[in-house]
Amino acid sequence: MLQFQSVDPQRNLVFHCYKLGDMNFGQVGTLGFRGDKLSSMGLGFCSCQLQLGSLRPRNLGNRFMSGDQVKTMGLEGYKHGGVELGVYRWSRSGSCVVRPRSVLSVDEVVEREGNGRTGEEKQYDAIVIGSGIGGLVAATQLAVKGARVLVLEKYVIPGGSSGFYQRDGYTFDVGSSVMFGFSDKGNLNLITQALEAVGCKMQVIPDPTTVHFHLPSNLSVRVHRQYGEFIAELTKNFPHEKEGILKFYNECWKIFNALNSLELKSLEEPIYLFGQFFQKPLECLTLAYYLPQNAGDIARKYIKDPQLLSFIDAECFIVSTVNALQTPMINASMVLCDRHFGGINYPVGGVGGIAKSLAKGLVENGSEILYKANVTSIILAQGKAVGVKLSDGREFFAKTIVSNATRWDTFGKLLKGEELPKEEVNFQKVYVKAPSFLSIHMGVKAEVLPPDTDCHHFVLENDWSRLEEPYGSIFLSIPTMLDASLAPEGRHILHIFTTSPIEDWKGLPLKDYEAKKELVADEIISRLEKKLFPGLKSSIVFKEVGTPKTHRRYLARDNGTYGPMPRRTPKGLLGMPFNTTAIHGLYCVGDSCFPGQGVIAVAFSGVMCAHRVAADIGLEKKSPVLDAALLRLLGWLRTLA
Ligand SMILES: NC(=O)c1ccc[n+]([C@@H]2O[C@H](COP(=O)([O-])OP(=O)(O)OC[C@H]3O[C@@H](n4cnc5c(N)ncnc54)[C@H](O)[C@@H]3O)[C@@H](O)[C@H]2O)c1
Ligand SMILES: CC(C)=CCC/C(C)=C/C=C/C(C)=C/C=C/C(C)=C/C=C/C=C(C)/C=C/C=C(C)/C=C/C=C(\C)CCC=C(C)C
């Protein structure tokens, strides 16, 4: 074996090159020093030319290790793209011995990597575009598995639609203040688990009522934290449907309990998926059975009263922006039961704290996040995603790219000019962009609200047919009912939102746009004044109105969309794509991935994505043969949707 070594003290780069027979190998290490002590080490296994003067390592993969891991490392199997490349043993003398098992020719390497970048430039395992909850969960889960991750966020703080902003002493949640999956029990508390993974625990305030519905014919239903109380209130309104109510919600519990019994990881990773089927066959078969079903069909098996069916529609609408017939049964069950199982809990200090804690945890686990980093394109080399380019011209490279932008933004903007893969064409056949929303953040005098006011309200006054229409239903959250510290003393926050298409706001001169904002907001506030809080208008001390254009601008979501919604009646969750994409090395995460809209839903997509990426970069178990079979099967299943 021929061995060369070159140390570049300035860059802390060490190159080891090996010649075995007529094959060339190299190993590149990026050494991090704290004082004169080795604190970390990035290893890349590569093929390279053997003249030191023109050493151009072509990386096949990196692995980042903390000082402790470096010390304790014994034997490592090293894999890339499904090919086991070799085994290296960390010797006591500090050098690496590489024993190849199967080897790529230099041509194959060039085909895979297609560039002459140095190991230093390509030091990340994953670049995550966007720091919504989906992106942050994917990034933190990868970081704790030992991957080196770079998160690039366009805005100045993390969180996307789960972010926050501050004005005049108020801390406003940008989006929803209803947090599912944030309890201290079960397997589905994914927000709690994501925080715990990076060593964070947030103080929370239990919400006694998930939502108070104010519906046509003066139907008023409070969804109490205690399941029994909720069922009692609903059956009081629909005594003739008691049996149907119990049967419908019991079926939801059956699914929820099956979900809650599983360890949640990537459904695109066969070793895990088949393992779950083996350990929990009944639960997995239950979920497989309900995967293509929708809540409205199941409700109709048991319930006949049209008003009660409309109530189930409203229950589904608040979590899917569509009626029950279009809402996947698994998703409906998840939210209709979690609110009673773990309960809805509000983080002290506001929802924005979740993203802030995840971002902090990410950095503490050796990864990075950059703000004001607007990714304008994904760089491809020979069809593989290898890096990203920012609007200021900077480029970053990694083994894998994870996009937390919506699929419409990822494929329509970041990969502009590339042909839309057929998987994405299929996705767009089944799903359309849900409309955006108009949001009003207000500060009001506290005395306008009765002391027992609930935190969250859903208002649809007279006409059920307006449920899904733009401006038809009104969502209202008053987070200061739970955490008074979010507003100055004697004030409450009212966060009001309603669906609104961007088309209503396009092409208006600034003066007309501002006037329209005032007009539409005034109508919505008048409706709330009439229905809920007399004197509301005169109690307003702060008001800021956001339109779909605002959401497009600040959340970087195409048309400011709320998320994907089915074009027609979907086959439950069957058509929803997971995280891998048709582009090698590119993954999606967030609400245009399985299982769809919702903070808990995108957190699950983050967990799944991190698991799949980790398997692909050698940090989790993987079986290339089973992978190919499962990915083909899932692709085929999606075409049935
Ligand atoms: N609308 C609401 O009321 C509301 C509120 C809270 C949460 N939610 C839920 O959150 C879900 C969305 O979460 P998510 O994780 O999918 O994404 P997200 O939209 O919340 O976050 C995406 C992030 O990526 C950033 N980004 C997008 N393109 C970028 C680019 N090119 N370069 C750099 N950064 C870029 C955005 O700035 C944003 O911070 C929604 O489905 C919704 O259910 C909604
Ligand atoms: C074949 C295959 C693949 C398979 C087989 C079978 C199996 C195993 C399966 C499995 C499955 C699973 C695991 C699944 C899971 C799922 C989940 C987790 C889901 C979740 C979901 C969630 C959701 C959807 C949520 C949502 C939420 C939301 C949206 C919310 C919202 C809220 C708001 C807006 C607020 C309101 C307010 C007021 C009222 C004011």
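Conventions and cut-offs
- Residues numbered from 1 in each chain as written.
- Chains lettered and ligands numbered in written order.
- Predicted model: local features only at pLDDT ≥ 70, side-chain atom pairs only at ≥ 80, totals over all residues.
- Heavy atoms only, no water.
- UniProt positions renumbered as here; feature names shortened; annotations may be inferred.
- Helix = DSSP H or I, 4+ residues; strand = E, 2+ residues; numbered from the N terminus.
- Pairing = 2+ DSSP bridges.
- Axes fitted to C-alpha atoms, helices over the stretch in contact; angles between N-to-C directions.
- Core = buried A, V, L, I, M, F, W, Y, C linked by side-chain atoms within 4.5 Å.
- Buried < 20%, exposed > 50% of the residue type's maximum accessible area, 1.4 Å probe, protein only.
- Contact = heavy atoms within 4.5 Å.
- Near = heavy atom within 4 Å.
- Polar contact = N/O pair within 3.5 Å; in protein donor to acceptor, adjacent residues only side chain to side chain.
- Areas by Shrake-Rupley, 256 points an atom, 1.4 Å probe, with all protein chains shown as cover.
- Nonpolar A, V, L, I, M, F, W, Y, C, P; charged D, E, K, R; others polar.
- Salt bridge = Lys/Arg side-chain N within 4 Å of Asp/Glu carboxyl O.

The name an unreviewed UniProt entry gives the protein chain is prolycopene isomerase, with Vitis vinifera as the organism. Listed under Catalytic activity (unreviewed entry) in UniProt, the entry text for the protein chain is "7,7',9,9'-tetra-cis-lycopene = all-trans-lycopene". What UniProt records for the protein chain under Pathway (unreviewed entry) is the sentence "Carotenoid biosynthesis; lycopene biosynthesis."

### Some words on unusual backbone geometry
Of note, the bond from Phe 594 into Pro 595 is cis; its omega dihedral lies within 30 degrees of zero at 0 degrees. Mapped onto the fold, Pro 595 is located in the loop between β28 (586-588) and α17 (599-616). For Thr 321, which is not glycine, the phi dihedral falls at a positive 60 degrees. With respect to the helices and strands, the residue Thr 321 is situated in the loop between α10 (306-320) and α11 (329-343). Residue Gln 382 is not a glycine yet carries a positive backbone phi of 50 degrees. Structurally, the position occupied by Gln 382 is in the loop between β18 (375-381) and β19 (384-390).

### Examining the sheet that holds strand β15 (residues 219-224)
Within the open sheet, the seven strands sit side by side as β15-β14-β23-β24-β25-β22-β26. Their pairing is mixed. Single-partner strands in this sheet number two, and they are β15 and β26 (540-546). Adjacent strand axes in the sheet meet at a mean angle of 15 degrees, parallel and antiparallel pairs treated alike. As judged from the six bridges shared by strand β22 (residues 436-445) and β26, these two strands associate in the antiparallel manner. Bridging across to β26, His 441 finds its partner in Glu 544.

### Remarks on the nonpolar core
Most often, soluble globular proteins have nonpolar side chains that are buried together. Formed by 122 residues in total, the largest nonpolar core has its most connected members in Phe 248, Tyr 249, Phe 311 and Phe 458. In terms of residue count, α17 provides more of this core than any other element does, eleven residues in total. Contacts of Phe 311, omitting those with residues within four sequence positions, involve Phe 213, Leu 215, Val 221, Phe 230, Leu 234, Tyr 249 and Trp 464. Counting residues in each nonpolar core, the second largest holds 24 residues, with Ile 440, Val 444, Leu 449 and Leu 536 among its members.

### What about the site of ligand 1?
Near ligand 1 lie 32 residues; those nearest to it are Ser 161, Ser 176, Arg 557, Asp 591 and Gly 598. Note that an oxygen atom of ligand 1 is positioned 2.6 Å from one of the side-chain N or O atoms of Glu 153. Contact between ligand 1 and Arg 557: an oxygen atom at 2.6 Å from a side-chain N or O atom of the residue. Summarising the interface, the protein chains cover 96% of the accessible area of ligand 1, which totals 860 Å² for the free molecule. Contributing elements (two or more residues each) for the shell around ligand 1: α3 (133-144) and α17. Considering only residue class, the shell around ligand 1 consists of 13 nonpolar, 15 polar and four charged.

### Focus: the site of ligand 2
Leu 259, Val 319, Met 334, Leu 476 and Tyr 562 are the nearest of the 31 residues found near ligand 2. For ligand 2, whose accessible area on its own is 1,000 Å², the fraction buried by protein is 95%. Of all the secondary-structure elements, those providing two or more residues to the shell around ligand 2 are α8 (281-290), α10, α11, β23 (456-459), β24 (474-477) and α17. If one sorts the elements of the shell around ligand 2 by residue count, α11 sits on top with four residues. Taken together, the residues of the shell around ligand 2 sort by class into 24 nonpolar, seven polar and no charged.

### Thoughts on the UniProt feature "domain: Amine oxidase" (unreviewed entry) in the protein chain
As annotated in UniProt, the feature "domain: Amine oxidase" (unreviewed entry) corresponds to residues 133-613 in the numbering used here. Here residues 133-613 is 38% helix and 21% strand, with 17 Å between the C-alpha atoms at its ends.

### Things to note about the pattern of salt bridges
All chains considered together, the criterion is met by 26 salt bridges. Note that Lys 399 is salt-bridged to Asp 125, the shortest N-O span being 3.1 Å. Highlighted residues: Lys 399 in strand β20 (residues 395-403) and Asp 125 in strand β9 (residues 124-129), separated in sequence by 274 residues. A salt bridge links Lys 247 to Glu 243, with the shortest nitrogen-to-oxygen separation between them at 3.0 Å. Remark: Glu 243 and Lys 247 occur in helix α6 (residues 242-261); sequence separation between them is four residues, near one turn of the helix. Relative accessible area serves as the criterion here: at 38%, Lys 247 is assigned to the partly exposed category. Among the charged side chains, a network of salt bridges with common partners joins Asp 409, Lys 413, Lys 433 and Asp 558.

### Structural notes on the pairing of strand β14 (residues 209-215)
For a regular strand, side-chain orientation follows a simple rule: the groups alternate between the two sheet faces. Most of β14 sits inside the fold, with seven of its seven residues counted as buried. Across five bridges, the pairing between β14 and β15 is antiparallel. Bridge pairing in β15 links Thr 209 to His 224. Turn length for the β14-β15 hairpin, with the two strands adjacent in sequence and antiparallel, is three residues, and the turn residue Ser 217 shows positive phi of about 55 degrees. Direction of pairing for β14 relative to β23: parallel, over a ladder of three bridges. In the strand pairing of β23, His 212 is matched with His 457.

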